[in-house]
Amino acid sequence: MQNDHDLIRKYQEGHSAAFDELVKKYLSDTIGFFYNITTDQMTSEDLAQDVFLKLHKHLKTFRFESKFRTYLYRVNVNTANSWLTRNKWKNFLHIDQIPDRGENDTNVEDEWRKTELWNAISLLPKKQRTVMIMRIALELPYKEISEITGITEGAAKVNYHHGLNRLKEKLEYE
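Residues numbered from 1 in each chain as written. Predicted model: local features only at pLDDT ≥ 70, side-chain atom pairs only at ≥ 80, totals over all residues. Heavy atoms only, no water.

A. Layout of the confidence of the model for the protein. Taken residue by residue, the protein gives an average pLDDT of 83. The fraction at 70 or more is 83%. Note that pLDDT drops below 50 for residues 91-105; the model gives that stretch 12 contacts with residues more than four away or on any other chain. (pLDDT = per-residue confidence, 0-100. Contact = heavy atoms within 4.5 Å.)

Laid out in structure tokens, this is it:
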């Protein structure tokens, strides 16, 4: 199998099958990334489709200054940030809106906690939100976060720490 940069070069030369290979390679990870945030399969697939449409358009001007995977993470995180910002109002779930599925069913409670967490993350300042998404949804190390975002490793740690403190404050009072 060819490496990502070779596939991108072929795509830039007009070979659409090279783009299809990139999609096959990264589609399930991209959907999984969005599923961690949205907990909805259809929304995750729609967001992944948006990512690959953006890539289809913008890879023609890819400059090979970073790894494709880093570039893909940036697009994923920006798409997630946009989705979280657009859908803040939808994330305000009230306790009386949760369907009653029985006393022993912990799935509803787990789902509500996850929704509550992403709702709180969506309210963080953009840098903190971006770092939190990369640490929680992608489980990336700070070094990789710094490469993707263009901030120092120390700044990534500080943004994560401040974001975590804000989340703790927000979630303790609700």
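B. Broad picture of the environment of Leu-138. In this fold, Leu-138 is placed in the loop between helix 6 (126-136) and helix 7 (142-149). For the pair Leu-138 and Gly-32, spaced 106 residues apart in sequence, the C-alpha separation works out to 9.2 Å. The contact partners of Leu-138, leaving out residues within four places of it in the chain, are Phe-33, Tyr-73, Val-77 and Ile-133. (Helix = DSSP H or I, 4+ residues; strand = E, 2+ residues; numbered from the N terminus.)

C. Examining the packing of aromatic side chains more closely. As enumerated under the stated definition, the model contains six aromatic pairs in all. Ring centres 5.2 Å apart and planes at 35° place the aromatic pair Tyr-11 and Phe-19 in the tilted group. The burial state of Tyr-11 is the same as that of Phe-19; both residues are buried. Ring pairs connect the aromatic residues Phe-62, Phe-64 and Tyr-71, which therefore count as one cluster. (Phe/Tyr/Trp six-rings, centres within 6.5 Å; stacked < 30°, edge-to-face > 60°. Buried < 20%, exposed > 50% of the residue type's maximum accessible area, 1.4 Å probe, protein only.)

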